[in-house]
Structure formats: structure tokens, C-alpha cells
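For reference, the chains in residue letters:
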Amino acid sequence: MASAKATNPPRGQCRQCWFHAYASREAHAGLGPREDCPQCVDHMKNGHPAHMIVR
């Protein structure tokens, strides 16, 4: 189960990126060694969708 910190990002932060950073084992459980997370790569390349930013 994700920690309270992982599920409660502060204002201005992306919900997905915050969760992936603080609950990394859960968020990236299906990835192999040294395999990039497709959602993380998408956010790095294309930015964060407005609906995922905490207001």
C-alpha cells in the first residue's frame, strides 16, 4: 500500500509523477530491470497534463 506522502502531492505537482516518485516499487512493479516506465517517459517528453496538476 502506498504511503500517505505518495498519495497526497503538494500544490503544483503532478499527481502521477509524485506517486511514481514516492511509491516507486508499486508504480513500477511490472517493469523489468533497467526498463523505463512508459508513463514517466511520456511525462518527461511531453510534459504534464493540466488535469493531473494539483491546484
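Above: the structure in question.
Here the structure is a predicted model, which means the values were calculated and not measured.

Below, the discussion takes up the overall build of the chain. When helices and strands are tallied, the chain shows 4 helices and 0 strands. Beginning at the N terminus, the succession of helices and strands in the chain can be written as α-α-α-α. A burial count over the chain gives 24% of its 55 residues as buried. Sequence-distant contacts in the chain: of pairs separated by 6 or more residues, those separated by 24 or more amount to 45%. For the chain, the exposed surface amounts to about 4,200 Å²; the carbon and sulfur share of it is 52%.

Let us look at the packing of helix α2 (residues 15–22) against helix α4 (residues 38–46). The geometry of α2 relative to α4 is characterised by a closest axis approach of 11 Å and an angle of 130° between their N-to-C directions. Judged by the inter-axis angle, α2 sits oblique to α4. As α2 runs across α4, the sense of the crossing is left-handed. Between α2 and α4, the contacting residues are Gln 16, Cys 17 and His 20 on the first element and Gln 39, Cys 40 and His 43 on the second. Looking at the contact of α2 with α4, its residues break down into 2 nonpolar, 4 polar and no charged.

Mapped onto the elements of the fold, His 43 is located in helix α4. A relative accessible area of 6% means that His 43 is categorised as buried. At 3.5 Å, the side chain of His 43 and the side chain of Gln 16 are in polar contact. Sequence-distant contacts of His 43, that is, excluding residues within four places in its chain, are made with Cys 14, Gln 16, Cys 17, His 48, Pro 49 and Met 52.

Trans is the common state for peptide bonds, and a negative phi is the common state for residues other than glycine. Despite not being glycine, Arg 34 has its phi angle at roughly 60°, a positive value. The class for Arg 34 is exposed, based on a relative accessible area of 85%.

Thresholds applied
Residues numbered from 1 in each chain as written. Predicted model: local features only at pLDDT ≥ 70, side-chain atom pairs only at ≥ 80, totals over all residues. Heavy atoms only, no water. Helix = DSSP H or I, 4+ residues; strand = E, 2+ residues; numbered from the N terminus. Buried < 20%, exposed > 50% of the residue type's maximum accessible area, 1.4 Å probe, protein only. Contact = heavy atoms within 4.5 Å. Areas by Shrake-Rupley, 256 points an atom, 1.4 Å probe, with all protein chains shown as cover. Axes fitted to C-alpha atoms, helices over the stretch in contact; angles between N-to-C directions. Parallel < 35°, antiparallel > 145°, perpendicular 65-115°, else oblique. Left-handed = near helix turned anticlockwise from the far one by under 90°. Nonpolar A, V, L, I, M, F, W, Y, C, P; charged D, E, K, R; others polar. Polar contact = N/O pair within 3.5 Å; in protein donor to acceptor, adjacent residues only side chain to side chain.

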